[in-house]
Amino acid sequence: MEITLEDIKAAAERIKGIACRTPLKPAYTLSEKSGRNVWLKMESMQPTGAFKLRGAANAILQLSPAQRQAGVLTMSTGNHGKAIAYVAKKLGMRAVICISEQVPEVKIQGMKKLGVEVRVVGKDQDEADIQARAMAQSEGLRFISAFDDAGVIAGQGTVALEVLEEEPKIDTMIIPLSGGGLMAGMGLAAKSLKPDLQLIGVSMEQGPAMHLSIQAGHLVEVEEKPSLADALTGGIPPDNQYSFPLCQKIVDRSFLVSEESIAEAMAYALRWERIVLEGGAATAIACLDKHLDEIPGQNIALICTGDNVAIPKLIDIYRQQLGA
Ligand SMILES: *Cc1c(COP(=O)(O)O)cnc(C)c1O
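So, how was this worked out
- Residues numbered from 1 in each chain as written.
- Predicted model: local features only at pLDDT ≥ 70, side-chain atom pairs only at ≥ 80, totals over all residues.
- Heavy atoms only, no water.
- Phe/Tyr/Trp six-rings, centres within 6.5 Å; stacked < 30°, edge-to-face > 60°.
- Lys NZ or Arg CZ within 6 Å of the ring centre and 35° of its normal.
- Pairing = 2+ DSSP bridges.
- Helix = DSSP H or I, 4+ residues; strand = E, 2+ residues; numbered from the N terminus.
- Near = heavy atom within 4 Å.
- Polar contact = N/O pair within 3.5 Å; in protein donor to acceptor, adjacent residues only side chain to side chain.
- Areas by Shrake-Rupley, 256 points an atom, 1.4 Å probe, with all protein chains shown as cover.
- Nonpolar A, V, L, I, M, F, W, Y, C, P; charged D, E, K, R; others polar.
- Buried < 20%, exposed > 50% of the residue type's maximum accessible area, 1.4 Å probe, protein only.
- Domains from an automatic or database assignment.
- Contact = heavy atoms within 4.5 Å.
- Buried area = accessible area lost by both parts, 1.4 Å probe.
- Salt bridge = Lys/Arg side-chain N within 4 Å of Asp/Glu carboxyl O.
- Axes fitted to C-alpha atoms, helices over the stretch in contact; angles between N-to-C directions.
- Parallel < 35°, antiparallel > 145°, perpendicular 65-115°, else oblique.
- Arc of directions from axis to C-beta.

K.L.:
Can you walk me through the packing of aromatic side chains in this structure?
P.N.:
We describe a pair of aromatic rings using the distance from one ring centre to the other and the angle between the two ring planes. Applying the stated criterion to the full structure yields 0 aromatic pairs. A cation over an aromatic ring shows up here: K33 above the ring of Y268, its NZ or CZ 4.5 Å from the ring centre.

As structure tokens, then:
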């Protein structure tokens, strides 16, 4: 099955009432610093604190009545699980969220608060993914991948529709890249509407599975390492159908950023833009800062993908960075 601009437009209608239309905030301090016009697409302001709500809503709202009745199961680093939990609760459905031992406590608590069943099933994402799929199969629950699902990808694509509706002059988007669902959906929408628009992916240096796979031309396995960008860690299962081939086709440039530059960007966002960003989202600011010379375009949208960071951790980072 192919995903089209029409699917993404249909998703935008479908998810209204669950996911919000988020602001596209002109970032004047970042604009001054970089000499470009920079906007922040505030996906961190979704009710669950991340864009993943769009994909989760679009996928779940397309289930058959029987599938809805049975419920859904997913495996997630946190934000997708939280989004599935939120949508399931809103629709009165059963949801089981499987996570690995790497997922931070703040995200687990967030999901439990939503009243879903959380199962810790593996020491890392790859192990948890295999076990979660097996459980879904044996328990008759629909498995919803965080990034390799046509409904999820079309839902994430709605971010790009909003950005271009708001500011048609945007010519570059910097998009945090992990499993590639966000990049695939946004890229499809953006390139259909504006073929010259440049798509920049950004990942952390610690185990960037999609970045390395795009470079290699095939899926590569990476060792999962802890990172401030915990939402971007984890591998890409070998049965990938959608997100890898799409990313391979549409990503124009892909960059890596260091842990230090992510910490710097989180502190910068808080101090100068007055926004809370988790590490995965702050990679977009770090990318603009560290790779400015290699980034094309005068009108740049940074996708601020999420804000799920523990506040004491953010305060520690702020203090370390600014000596405050
Ligand atoms: C999931 C996520 C990403 C990456 O999205 P993919 O579709 O996996 O590429 C980026 N930032 C945050 C905060 C996320 O939760």
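Past the structure itself, the notes keep going.
K.L.:
Looking at this structure, I do not really get the sheet that holds strand β4 (residues 95–100). What am I missing?
P.N.:
Within a beta sheet, neighbouring strands are joined by backbone hydrogen bonds and run either parallel or antiparallel to one another. Overall, parallel pairing links the 4 strands, which are arranged β5-β4-β3-β6 in an open sheet. This sheet does not close on itself; its edge strands, each paired only once, are β5 (117–122) and β6 (142–143). Both β4 and β5 contribute to a ladder of 5 bridges, which runs parallel. Bridged to I97 within β5 is V118.

K.L.:
Quick question: what am I supposed to make of the site of the ligand here?
P.N.:
Around the ligand there are 15 residues in total, and K52, N79, G180, G181 and T305 lie nearest to it. Separating an oxygen atom of the ligand from a backbone N or O atom of G181 is a distance of 2.9 Å. One of the backbone N or O atoms of L182 is found 2.9 Å from an oxygen atom in the ligand. If the ligand stood free it would expose 380 Å²; the protein chains cover 98% of that surface. Each residue belonging to the shell around the ligand can be placed in one class, and the counts come to 6 nonpolar, 7 polar and 2 charged.

K.L.:
I'm lost on unusual backbone geometry in this one. Help?
P.N.:
What you tend to see is this: most non-glycine residues have negative phi, and most peptide bonds are trans. Positive phi outside glycine occurs at R274, with the angle close to 60°. Tracing the backbone shows R274 in the loop between α12 (259–272) and α13 (279–290). Judged by relative accessible area, R274 falls into the exposed class, the value being 69%.

K.L.:
Explain the domain arrangement of the protein here, please?
P.N.:
Bring the parts together and some accessible area is lost; that lost area is often taken as the interface size. Taken domain by domain, the protein holds domain 1 (5–50 + 154–322) and domain 2 (53–143). Here domain 1 and domain 2 have C-alpha centroids that lie 23 Å from each other. Facing 31 residues of domain 1, the contacting portion of domain 2 comprises 23 residues. Here domain 1 and domain 2 share an interface that buries about 2200 Å² over both sides, 55% of which is from carbon and sulfur atoms. If you sort the residues of domain 1 by the area they bury against domain 2, R14, I18 and T48 come out on top, with a joint share of 30%. Across the contact surface, domain 1 and domain 2 share 3 salt bridges. Applying the counting criterion to the domain 1 and domain 2 interface returns 12 residue pairs in polar contact (both at pLDDT 80 or more).

K.L.:
Teacher, can you tell me more about the packing of helix α1 (residues 5–14) against helix α8 (residues 150–166) here?
P.N.:
When two helices pack together, their arrangement is given by the angle between their axes and by how far apart the axes lie. The N-to-C vectors of α1 and α8 enclose an angle of 85°; their axes lie 8 Å apart at closest approach. Considering the angle they form, α1 stands roughly perpendicular to α8. Of α8, the residues touching α1 (which contributes L5, D7, I8, K9, A11 and A12) are A154, G155, G157, T158 and L161. When its residues are assigned to classes, the contact of α1 with α8 shows 6 nonpolar, 3 polar and 2 charged.

K.L.:
I'm lost on helix α6 (residues 105–113) in this one. Help?
P.N.:
Since one α-helical turn is 3.6 residues long, residues separated by three or four positions face the same way. Buried residues of α6: K107, I108, G110 and M111, and no others. With its buried residues spanning 160° around the axis, α6 presents them on a single face. Looking at the buried positions of α6, the neighbouring elements they touch are α5 (79–91), β4 and β5. Once α6 ends, the next one or two residues include G115, with phi positive near 80°.

K.L.:
Could you clarify how one ought to interpret the sheet that holds strand β9 (residues 253–257) in this entry?
P.N.:
Across the sheet, 6 strands lie side by side as β1-β2-β10-β7-β8-β9; this open sheet has mixed pairing. The sheet is open, and its two borders are formed by β1 (24–26) and β9, each paired with just one other strand. Strand-to-strand twist across the sheet, computed as the mean angle between neighbouring axes with direction ignored, equals 25°.

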